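Understanding the architecture of this molecule
As a plain string of letters, each chain reads:
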Amino acid sequence: MTATDAAAATLRRDWRKRREIVTPEGVPLSVELAEYSERAIALIIDLLIWLTASFVVVFLLGYLTVRGLSGAVFVGVLNLTMFLLRVFYFIHFELSARGATPGKRVVGIRVTDRRGGPLQASAVIARNLTREIEVFLPVSMLIASLGGGGGLRWGYVLLLGWIVCFLGLMFFNRDRMRAGDLIAGTIVITLPRQRLLGDLVASRARFVFTDYQLMAYGKRELQVLEDLLRRPDDRETRELLHDVCDRICRKIDWRQPVPPAETALFLRDFYTAQRAFLEREQLFGRPRADKFEAAAKRD
Amino acid sequence: MSIETGIAREAGGLPPAQRPAVTLKSAEFRRTREQSWVDLERLIGITARKGVRALAPDELQRMPQLYRSALSSLSVARAIALDRNLLLYLESLSLRAYLALYSPRIGLGEAGRQFLRAFPAAVISARWHVLIAFLALALGTIAGFWLTVGDESWFTTFVPNWLSDGRGVASTRASLLNGEIFAPWPGFAVSLGHLSTYLFSHNTIIGVLAFGLGLFAGVPTVLLIAYQGLGLGAFIALHYNRGLTVDFLGWLSIHGVTELTAILLFGAAGLVLAEKMLFPDRYSRVDSLALHGRRAAEIAVGAVMMLFVAAILEGEFRQLVASTPWRFVIAAASAVGWLAYLVALRPREQAP
């Protein structure tokens, strides 16, 4: 990892895991893996919707049972409908133009191809049907055997082991893939929600800095300053700005005192000059990651 | 460029118009492109909320163009701009546009049609795996038959109680004929219930297990399929000893052709997973699995579909058609039908 990457990672407050995909056009994009908690919440929401739909079926069938339908048929048809509802619910929503189930949309996560290619319909079908093997099949067998009475102790252990193995798979691979993701070649990512804020560049500079002064800092310091200038204006921010302004003045040897009322203006001008300088240097092939990296040699 | 040392000049004394104008390449770049980003963002918003159909035709046409221009903006910005908010925004915009444009965006019906076209090709590509699964089943059947013919106590070993349903060593020819092979049709509702429970009790679980256990190097898959063969062989032997072989085969094959093919396909799908995990060729194991896993899953989905057909044949037709020759006719018809769909009439893969 170069110093620039490290700086970028720090600036992103990179507590989440990031991966890189390359779009079919050949542009690398960095994506954020969804947290386990987000995926769990999305699944719970989806299951609640599914259960609600299933209750409707239960009531319909219950009505028919009163009219003389046998219990075995009730259970059979209920099983079948619940299975179909579940499978088609997930597949329908992930194939549609919205691209995610309601639960995933609420949480803001998406399924995407692991390498950045187009997401295939077969991949969506594969990962959703594998969920049946991973979770629903063993759970329903467990429930069935619980209802059926004793004598299945080894069966319990086996089923629990099955569930634990498949759930554990998610925690033991780098990309947080469950078995369905492995088979389909997909990952689950967080949908980014970055808004475009105004440009901080001042159009007319009031304070002018020399190249020598601008050589004190690098990209990382510039972007920290950007963050600072984008903070909402309150007392704390103003104190912070004063403090930063003092430090900058000392560092770049700025002799005139900056009046307190003009601190923000001064910093903005400094930001503009610093960015113009660093961008020019970068274009000339002399990028500078932070203040610790030696400045380019000048004649 | 000269280096000025010492105290910087202050331009504050000058009136605003005479202060030096600042032009940044990145700021200019942003000014000229910003509108197209905003447009793209709006289109993505519409797609996410209401679907692609809500877009006007010209918007639909513009969206991919705007996406590509956003990608190129991102590439340029990465080279020339140090505005972090801008870079993050462009990255997020490009990713959201990528997700919107490269998702399948099809309905269930279209997905079903695509699947029906892809399924035969997937099966053909796994023909050797099907053969291995078939050999496992055949060996199991022969062994089960051979052991049970000589000593019927093997029947209880090979066939679990809940599956034998009262049939076993104590069964007589008459009880098998009237209670099983030519048992009366119980009526639509009951047979539908039977169909559904049956689908969820035995076959799907076996098949899906055979598929999923392929992840464990395929050994459990082969064993599971061979075990199905043992049970099958035991059943055949039980009827053989009572002189009911032909009637039993008719009773079995009306749905068995479809059902056993489905089980074989589940096994083959599991074996595909196993092979691609064990021998990843020039890919990493995970990549190899992703590359071929979809195909394996397609086979498994197709097999579930076949089990539905088998369950309908079994639940509705088997006891309705109380004649062995007719049962064989239906079995042969289903075999021809599946062969035609999977092998003879499959859509050829077009040359690229």
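Residues numbered from 1 in each chain as written. Chains lettered and ligands numbered in written order. Predicted model: local features only at pLDDT ≥ 70, side-chain atom pairs only at ≥ 80, totals over all residues. Heavy atoms only, no water.

**Here's the deal with the overall build of chain B**
The helix and strand inventory of chain B stands at 13 helices and 0 strands. Order of helices (α) and strands (β) in chain B, N terminus to C terminus: α-α-α-α-α-α-α-α-α-α-α-α-α. Considering only contacts in chain B between residues 6 or more positions apart, those separated by 24 or more positions represent 78%. Only carbon and sulfur atoms are counted for the fraction: they give 66% of the accessible area of chain B, which is about 16,800 Å². (Helix = DSSP H or I, 4+ residues; strand = E, 2+ residues; numbered from the N terminus. Contact = heavy atoms within 4.5 Å. Areas by Shrake-Rupley, 256 points an atom, 1.4 Å probe, with all protein chains shown as cover.)

**Some points on the overall build of chain A**
Broken down by element type, chain A carries 11 helices and 4 strands. For chain A, with 299 residues in total, the buried portion stands at 49%. In chain A, 68% of the contacts between residues at least 6 apart in sequence involve partners at least 24 apart. Here chain A displays about 15,300 Å² of accessible surface, and carbon together with sulfur accounts for 63% of that area. (Buried < 20%, exposed > 50% of the residue type's maximum accessible area, 1.4 Å probe, protein only.)

**Concerning the sheet that holds strand S3 (residues 109-113) of chain A**
Residues and elements named next belong to chain A. The strand order across the open sheet built from 4 strands is S1-S2-S4-S3, with neighbouring strands paired in antiparallel fashion. Two strands in the sheet have a free side with no partner beyond their single neighbour: strand S1 (18-22) and S3. Adjacent strand axes in the sheet meet at a mean angle of 50° when their direction is disregarded. (Pairing = 2+ DSSP bridges. Axes fitted to C-alpha atoms, helices over the stretch in contact; angles between N-to-C directions.)

**A few points about the interface of chain B and chain A**
Taken residue by residue, the interface counts 86 residues in chain B and 98 residues in chain A. Taking both sides of the interface into account, the surface hidden between chain B and chain A amounts to around 8,000 Å²; carbon and sulfur atoms contribute 65%. Between the two partners, chain B and chain A, sit 6 salt bridges. Across the pair B:Asp83 and A:Arg230 runs a salt bridge, and its minimum N-O distance is 3.3 Å. Connecting chain B to chain A are 29 residue pairs in polar contact (both at pLDDT 80 or more). With 13 residues, the single largest contributor to the side of chain B that touches chain A is helix H9 (residues 188-212) of chain B. Residue composition of the side of chain B that touches chain A, by class: 51 nonpolar, 16 polar and 19 charged. (Buried area = accessible area lost by both parts, 1.4 Å probe. Salt bridge = Lys/Arg side-chain N within 4 Å of Asp/Glu carboxyl O. Polar contact = N/O pair within 3.5 Å; in protein donor to acceptor, adjacent residues only side chain to side chain. Nonpolar A, V, L, I, M, F, W, Y, C, P; charged D, E, K, R; others polar.)

**Focus: unusual backbone geometry**
Even without being a glycine, A:Arg176 presents a positive backbone phi close to 55°. In this structure, A:Arg176 sits in the loop between helix H6 (153-171) and helix H7 (179-184). Residue A:Arg176 is classed as buried on the basis of its relative accessible area, which comes to 9%. Phi angles above zero are rare outside glycine, and B:Ala217 is one such case at about 65°. Mapping B:Ala217 onto the fold places it in the loop between H9 and helix H10 (219-240).

**Section: the environment of B:Val169**
Residues and elements named next belong to chain B. Its place among the elements puts Val169 in the loop between helix H7 (161-164) and helix H8 (173-181). Assessed through its relative accessible area of 43%, Val169 is described here as partly exposed. Sequence spacing of Val169 and Ala126 is 43 residues, and the spatial spacing of their C-alpha atoms is 39 Å.

**Description of the nonpolar core**
Judged by nonpolar contacts, the single largest core of 94 residues is most densely connected at B:Leu40, B:Leu95, B:Phe211, B:Leu265 and B:Phe266. Beyond its immediate chain neighbours, meaning those up to four positions away, B:Phe266 contacts B:Gly207, B:Val208, B:Ala210, B:Phe211, B:Ala300, B:Ala303, B:Val304 and B:Leu307. (Core = buried A, V, L, I, M, F, W, Y, C linked by side-chain atoms within 4.5 Å.)

**Observations regarding empty space enclosed by the protein**
By the definition in use, this model includes 2 cavities of 30 Å³ or more. Taken as a whole, the largest cavity encloses approximately 40 Å³ of empty space. Lining the largest cavity are A:Arg110, A:Val111, A:Thr112, A:Asp113, A:Gly117, A:Pro118, A:Leu119, B:Tyr98, B:Leu99, B:Tyr102 and B:Ser103. Of all the secondary structure elements, the ones that give two or more residues to the lining of the largest cavity are S3 of chain A together with helix H3 (84-101) of chain B. With 4 residues, the single largest contributor to the lining of the largest cavity is S3(A). In the lining of the largest cavity, the residues fall into 6 nonpolar, 3 polar and 2 charged. (1 Å grid on protein atoms, 1.4 Å probe; cavity = no way out; pocket = protein on both sides within 12 Å on 5 of 7 lines; lining within 4 Å. Points joined across faces, edges and corners; volume = space filled by probe spheres on them.)

**Observations concerning the confidence of the model for chain B**
Residue and element names in this part refer to chain B. Taken as a whole, chain B shows an average pLDDT of 83; of its residues, 86% reach a score of 70 or greater. Mean pLDDT across the elements of chain B ranges from a minimum in H7, with 68, to a maximum in helix H5 (residues 127-150), with 93. Contacts from residues 1-12, a stretch scored under 50 in pLDDT, to residues over four places away or in other chains number 27 contacts. Of the two predicted TM-score estimates for the complex, the pTM is 0.81 and the ipTM is 0.86. (pLDDT = per-residue confidence, 0-100.)

**Considering the packing of aromatic side chains**
Tallying each qualifying case throughout the model produces 24 aromatic pairs over all chains. Centre to centre, the rings of B:Trp37 and B:Tyr89 are 6.3 Å apart; their planes meet at 55°, and the pair counts as tilted. Placement of the pair is B:Trp37 in helix H1 (residues 25-50) and B:Tyr89 in helix H3, with a sequence separation of 52 residues. Measuring from ring centre to ring centre gives 5.6 Å for B:Phe115 and B:Phe119, while their planes differ by 20°; the resulting arrangement is stacked. A residue pair is termed a helical-turn pair when its members lie 3 or 4 positions apart in one helix, as B:Phe115 and B:Phe119 do in helix H4 (residues 108-125) at 4 residues. Residue classification places B:Phe115 among the buried residues on the basis of a relative accessible area of 12%. When the ring centre of A:Phe136 is taken as origin, the NZ or CZ atom of A:Arg86, which lies over that ring, is 4.1 Å away. (Phe/Tyr/Trp six-rings, centres within 6.5 Å; stacked < 30°, edge-to-face > 60°. Lys NZ or Arg CZ within 6 Å of the ring centre and 35° of its normal.)

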